[in-house]
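Read off the chains here:
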Amino acid sequence: VLCVASTMGMFRRPGQLLRTLAARIVEEVSALCRWSSQIISEPGSCAVSLWFVIGVLSCIICVCFLMAAIAWGSVFYGHSVYLTALTEDGRWSIGQISTGITIFWISSLPGTLFVGYLIDKKGASWVVFIGACCIGFSLVGISWAHDLWLIFVCYGIMGFAYPAVGAAAISLSL
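Rules behind the numbers
Residues numbered from 1 in each chain as written. Predicted model: local features only at pLDDT ≥ 70, side-chain atom pairs only at ≥ 80, totals over all residues. Heavy atoms only, no water. Helix = DSSP H or I, 4+ residues; strand = E, 2+ residues; numbered from the N terminus. Buried < 20%, exposed > 50% of the residue type's maximum accessible area, 1.4 Å probe, protein only. Contact = heavy atoms within 4.5 Å. Areas by Shrake-Rupley, 256 points an atom, 1.4 Å probe, with all protein chains shown as cover. Patch = residues over 30% accessible without salt bridge, like charges linked within 9 Å, V, L, I, M, F, W, Y side chains within 5 Å. Salt bridge = Lys/Arg side-chain N within 4 Å of Asp/Glu carboxyl O. Expected span 1.5 Å × (residues − 1). Phe/Tyr/Trp six-rings, centres within 6.5 Å; stacked < 30°, edge-to-face > 60°. Lys NZ or Arg CZ within 6 Å of the ring centre and 35° of its normal. Axes fitted to C-alpha atoms, helices over the stretch in contact; angles between N-to-C directions. Parallel < 35°, antiparallel > 145°, perpendicular 65-115°, else oblique. Left-handed = near helix turned anticlockwise from the far one by under 90°. Disulfide = S-S within 2.5 Å.

Novice: Give me the overall build of the protein chain: which residues, what numbers.
Specialist: Looking only at helices and strands, the protein chain has eight helices and zero strands in total. Out of the 174 residues in the protein chain, the part that is buried amounts to 28%. Sequence-distant contacts in the protein chain: of pairs separated by 6 or more residues, those separated by 24 or more amount to 67%. Total accessible area computed for the protein chain in this model is approximately 11,500 Å², and 73% of it derives from carbon and sulfur atoms.

Novice: Lay out a nonpolar patch on the surface with the relevant residues and their values.
Specialist: Residues Val53, Val56, Leu57, Ile60 and Ile61 make up a contiguous nonpolar surface patch of about 390 Å² in total accessible area. Of note, Val53 is situated in helix 3 (residues 50-76).

Novice: Explain helix 7 (residues 148-161) to me, and be specific about the residues and the numbers.
Specialist: Look at helix 7: 20 Å from first C-alpha to last across 14 residues, which is about the 20 Å you get at 1.5 Å a residue. Taken together, the buried positions of helix 7 are occupied by Leu148, Ile151, Cys154, Tyr155, Gly156, Met158, Gly159 and Ala161.

Novice: Can you break down the side chain of Ser108 residue by residue, with the values?
Specialist: Mapped onto the fold, Ser108 is located in helix 5 (residues 94-122). If sequence neighbours within four positions are ignored, Ser108 has contacts with Gly159, Phe160 and Pro163.

Novice: Can you break down the packing of aromatic side chains residue by residue, with the values?
Specialist: Applying the stated rule across the entire model yields seven aromatic pairs. A network of ring pairs unites the aromatic residues Phe76, Tyr77, Phe104, Trp105 and Tyr162 as a single cluster. Above the ring of Trp126, the side-chain terminus of Lys122 is found at 6.0 Å from the ring centroid.

Novice: Let's hear about the packing of helix 6 (residues 124-144) against helix 7: which residues, and what values?
Specialist: Following both chains from N to C, one finds helix 6 and helix 7 inclined at 160°, their axes separated by 8 Å at the closest point. Here helix 6 is positioned roughly antiparallel relative to helix 7, judged by the angle of their axes. Here helix 6 and helix 7 pass one another in a crossing that is left-handed. Together, Gly131, Cys134, Ile135, Ser138, Leu139, Gly141 and Ile142 of helix 6 and Leu150, Cys154, Tyr155, Ile157, Met158 and Ala161 of helix 7 make up the contact between the two elements.

Novice: Quick one: what's the story with the state of the cysteines, residue by residue and with numbers?
Specialist: Applying the stated criterion to the full structure yields zero disulfides. This cysteine, Cys64, is not joined by any disulfide, and Cys62 carries the nearest cysteine sulfur, 9.5 Å off. Residue classification places Cys64 among the buried positions, given a relative accessible area of 8%.

Novice: Go over the pattern of salt bridges, please, and point to the residues and values.
Specialist: Following the criterion strictly, the structure yields one salt bridge and no others. Residues Asp89 and Arg91 are paired through a salt bridge, measuring 3.6 Å at the closest nitrogen-oxygen approach. Judged by its relative accessible area of 42%, Arg91 falls in the partly exposed class.

This is the structure:
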């Protein structure tokens, strides 16, 4: 916004952009407060307590934060931990486990394309639950794997299920 505004010559003095943005935010918040107080105070209207709305939104944000922590903590950033754990006993090489990680990323593409459709048809809670179960079973399968093909299958399932609890599902849930 700053680059566009400066190239158009809209803001010549320092701080003018920030003051303009702050004024706009104050206007929007004031309009929202007037609207919410009008809804709550009108007789016969659907009076919803502002604290109830804040409570529901807080619960949604907490659930999305938990989804993000699990998805990114155990899957997105967990590959380096799994790579080290699976290669330190010498049974598999770094290249073989990296192939499994590559399978994860390749299989996450159709999952990302498909998760929006599933959430529209089945609902976010069902899709997130199934995705979390698939990821959990895949992580258990990777830890119990005695053959390389099982690691590849588990990484493929985990990659397909990752968007169901990752950024795509969080964005669609909000």
